[in-house]
Amino acid sequence: MIMELKLLPEDLRKQRECEQILNDYITSFRELLVHEKEQGSAKDLDHFTETVNMIRRRHLDIVPKMAQAVVKLNRVNSSEGVTETVQYFLDRLYINRISIHMLISHYNALLGEEKTLTGMVGTIDQQCDILDVCNDAYDAASVMCDQEYFEHPKLIATAMDTSDLNEATQEKVSATYVPSHLHHILFEIFKNSMRATCEFSEKKGVSELPNITVRIFKTKDDITIKISDLGGGINRASSSKIFNYMYSTAPKVALPDGGASYDGLSAETLPMHGLG
C-alpha cells in the first residue's frame, strides 16, 4: 500500500489527508519490523499485541480521510472526477483495510483461545443467522432515519433454506460468516433504501411509507439476499455509475474547511447521506 500511495496521481497524492494516510502506513510498517527478530516469549507477545492494537487505532480514520481527499480532488478537477486509476486504488485500499482490521480483531478475539465466550471462532460465527443480522442492521438504520425524517419504512423480512428438508427449521438461514461485515453492508443498504423511500414518498404526497422487503434464500450452492423498496429507483443511464466513489443521488454533505476528522462515513448534519 505504501508504494501504491506513492504512485497515486499527483493531485490526489498532495492532498493533506492522503499524505497523512501514507505517513500512517510508513509508521505502522516500521513498528512491525521491530518484532521481526523477537523470540515469541510472553513479554514479546504482549508487546506485539500492544503494537497491533495501536496500529488498528491509528488507521481507524482511513475511510473518511480518503473520502475527504477524493471530494477535494473532485473540486479541483470536476471535469474528470475519479479516474479508473483512482477507482482501482480505492478498491485496493479499502479491501486492504478490511483485511488488516479483520486479522487484528480475529487475533484479539482469540489470543490463544479456540472459541470466544459467545461461541464464535474469533470474529467468525460458524452459525451466523442471516435474518437476525438483517433485523439488527434495519433497527440501527431506523434510528438514524427517525432522526432525519421523524419516521421510517417498516420491514417485511423472510428467510427460506431450500436445502433444509425439515419444514420446522426451513425459515432459519445460517452460514459461516463475519457478522459485523454483513451488518455493515446491510446497514448501508437500508440507509439508502430508507432515504429514497422517505424522500420519494414525500415528493409523491404519499401519507403512509411503503414497506421495505427483504427475502433471504439459501440453496446448496449459495445464499441470496434480495432487498426491494418503493423509493423511485434509478434510471438505466445512471446504473453504470452506482459503484463509482464520487457518484451519489443524495445531496452532497458539506465538508468543513478545516478538514476535521470524521467518525465513520456520516456527517452529523446529514447522517442518512454519508459523504455522497
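Whatever comes next refers back to the structure up there.
The following refers to the structure shown.

Analysis parameters
Numbering of residues starts from 1 in each chain and follows the order in which that chain's sequence is written. In keeping with the predicted nature of the model, local features appear solely for residues at pLDDT of at least 70, side-chain atom pairs appear and are counted solely at 80 or more, and the whole-chain, interface and lining totals rest on all residues. For the side-chain quantities, the full set of heavy atoms in the structure was used; hydrogens and water were omitted. Strands pair, by our definition, only if DSSP identifies at least two bridges between them. The secondary structure listing takes helices from DSSP runs of H or I that are at least 4 residues long and strands from runs of E that are at least 2 residues long, numbered from the N terminus. Throughout, an axis means a line fitted to C-alpha atoms (over the contacting stretch in the case of helices), and angles, computed between N-to-C directions, take values from 0 to 180 degrees. Contact definition: two residues touch when any of their heavy atoms are within 4.5 Å. For this text, the term disulfide refers to a pair of cysteine sulfurs within 2.5 Å. Think of it in three bands: with a 1.4 Å probe and only protein chains considered, a residue is buried below 20% of the maximum accessible area for its type, exposed above 50%, and partly exposed in between. Reported orientations rely on four angle classes, namely roughly parallel under 35 degrees, roughly antiparallel over 145, roughly perpendicular from 65 to 115, and oblique for the rest. Each crossing is labelled by how the near helix is turned from the far one, with a counterclockwise turn of less than a right angle marking it left-handed and a clockwise turn marking it right-handed. When residues are grouped by polarity, Ala, Val, Leu, Ile, Met, Phe, Trp, Tyr, Cys and Pro land in nonpolar, Asp, Glu, Lys and Arg in charged, and all others, Gly among them, in polar. Side-chain rings of Phe, Tyr and Trp, where Trp is taken by its six-membered ring, are said to pair if the distance between their centres is within 6.5 Å; with planes under 30 degrees apart they count as stacked, over 60 as edge-to-face, and otherwise as tilted. Every helix has an expected span of 1.5 Å times one less than the residues it contains. Our arc is simply the arc of the directions from the helix axis toward the C-beta atoms. To qualify as a nonpolar core, a set must consist of buried Ala, Val, Leu, Ile, Met, Phe, Trp, Tyr and Cys residues joined through side-chain atoms within 4.5 Å. Patch membership needs two things, relative accessible area over 30% and no salt bridge, and members are linked within 9 Å if like-charged or within 5 Å if nonpolar (Val, Leu, Ile, Met, Phe, Trp, Tyr). Here the Shrake-Rupley method, with its probe set to 1.4 Å, supplies the accessible areas, and only the displayed protein chains count as covering residues. Each salt bridge in this description consists of a side-chain nitrogen of Lys or Arg and a carboxyl oxygen of Asp or Glu lying within 4 Å of one another.

**Notes on the pairing of strand E5 (residues 223-228)**
- The pairing of strand E4 (residues 212-218) with E5 spans six bridges and is antiparallel. Looking at the pairing, Val-214 lines up with Ile-227 of E5.
- Linking E4 to E5, which pair antiparallel, is a turn of four residues.

**Comments concerning the sheet that holds E4**
- The three strands lie next to each other as E2-E4-E5, forming an open sheet whose pairing is mixed. Looking at the sheet topology across the chains shown, the edges are occupied by strand E2 (155-161) and E5. On average, adjacent strands in this sheet sit at an angle of 10 degrees to one another, irrespective of strand direction.
- Across seven bridges, the pairing between E2 and E4 is parallel. Paired with Ala-157 across the strands is Val-214, a residue of E4.
- The strands that helix H7 (residues 130-149) touches are E2, E4 and E5; relative to E2, the one it contacts most, it runs at about 165 degrees.

**Re the state of the cysteines**
- Tallying each qualifying case throughout the model produces zero disulfides.
- As a non-bridged cysteine, Cys-198 has Cys-145 as the owner of its nearest cysteine sulfur, 3.7 Å distant.
- Cys-198 gets classed as buried once you look at its relative accessible area, which sits at 5%.

**So, the packing of H7 against helix H8 (residues 179-204)**
- Between H7 and H8, the shortest axis-to-axis distance is 8 Å and the interhelical angle comes to 40 degrees. What the angle tells us is that H7 and H8 run oblique. Read as a crossing pair, H7 and H8 show a hand that is right-handed. The residues of H8 that touch H7, namely those facing Ile-130, Val-133, Cys-134, Asp-136, Ala-137, Tyr-138, Ala-140, Ala-141, Ser-142, Met-144, Cys-145 and Tyr-149, are Pro-179, Leu-182, His-183, Leu-186, Phe-187, Phe-190, Lys-191, Met-194, Arg-195, Cys-198 and Glu-199.
- Counted by class, the contact of H7 with H8 contains 17 nonpolar, two polar and four charged residues.

**Overview of the packing of aromatic side chains**
- Per the stated rule, a full pass over the model turns up two aromatic pairs.
- Ring plane angle 85 degrees and centroid distance 5.7 Å describe the contact between Phe-48 and Tyr-107, whose orientation is recorded as edge-to-face. With Phe-48 in helix H4 (residues 42-58) and Tyr-107 in helix H6 (residues 84-110), this pair connects stretches of sequence that are 59 residues apart.
- Note on Phe-48: relative accessible area 28%, which makes it partly exposed.
- By relative accessible area, Tyr-107 is classed as partly exposed at 23%.
- Measuring from ring centre to ring centre gives 5.8 Å for Tyr-138 and Phe-190, while their planes differ by 80 degrees; the resulting arrangement is edge-to-face. Placement of Tyr-138 in helix H7 and of Phe-190 in helix H8 is noted, with a sequence separation of 52 residues between them.

**Some thoughts on H4**
- Taking 1.5 Å per residue, 17 residues should reach 24 Å; H4 reaches 24 Å between its end C-alpha atoms and fits that length.
- Of the residues making up H4, those classed as buried are Asp-44, Thr-49, Thr-51, Val-52 and Ile-55. Looking down the long axis of H4, one finds its buried residues gathered within 165 degrees of arc, a one-sided arrangement. Facing away from the buried side of H4 by over 90 degrees, the exposed positions are Ala-42, Lys-43, Asp-46, Glu-50 and Arg-57.
- Along its buried surface, H4 packs onto helix H3 (16-33) and H6.

**Some details on the nonpolar core**
- Ranked by internal contacts, the top residues of the largest apolar core, which has 24 residues, are Ile-130, Leu-186, Phe-190, Met-194 and Ile-216.
- Of all the secondary-structure elements, those providing two or more residues to this core are H7, H8 and E4.
- The greatest single-element share of this core, amounting to ten residues, is contributed by H7.
- Setting aside chain neighbours within four positions, we find Ile-216 in contact with Ile-130, Leu-131, Thr-158, Ala-159, Met-160, Val-173, Ile-223, Thr-224 and Ile-225.
- Ile-62, Met-66, Ala-69 and Tyr-94 belong to the second-largest nonpolar core, a separate cluster that totals 21 residues.

**Brief notes about a nonpolar patch on the surface**
- A cluster of nonpolar side chains, contributed by Tyr-177, Ile-185 and Ile-189, occupies part of the molecular surface with about 250 Å² of accessible area.
- Inspection of the secondary structure puts Tyr-177 in strand E3 (residues 174-177).

**Section: the packing of H3 against H4**
- H4 packs onto H3 with a crossing angle of 175 degrees between their chain directions and a minimal axis gap of 10 Å. Between H3 and H4, the interaxial angle falls into the category roughly antiparallel. Contacts between H3 and H4 pair Asp-24, Thr-27, Ser-28, Glu-31 and Leu-32 from the former with Phe-48, Thr-51, Val-52, Met-54, Ile-55 and Arg-58 from the latter.
- Considered class by class, the residues forming the contact of H3 with H4 number five nonpolar, three polar and three charged.

These figures capture arrangement, not role.
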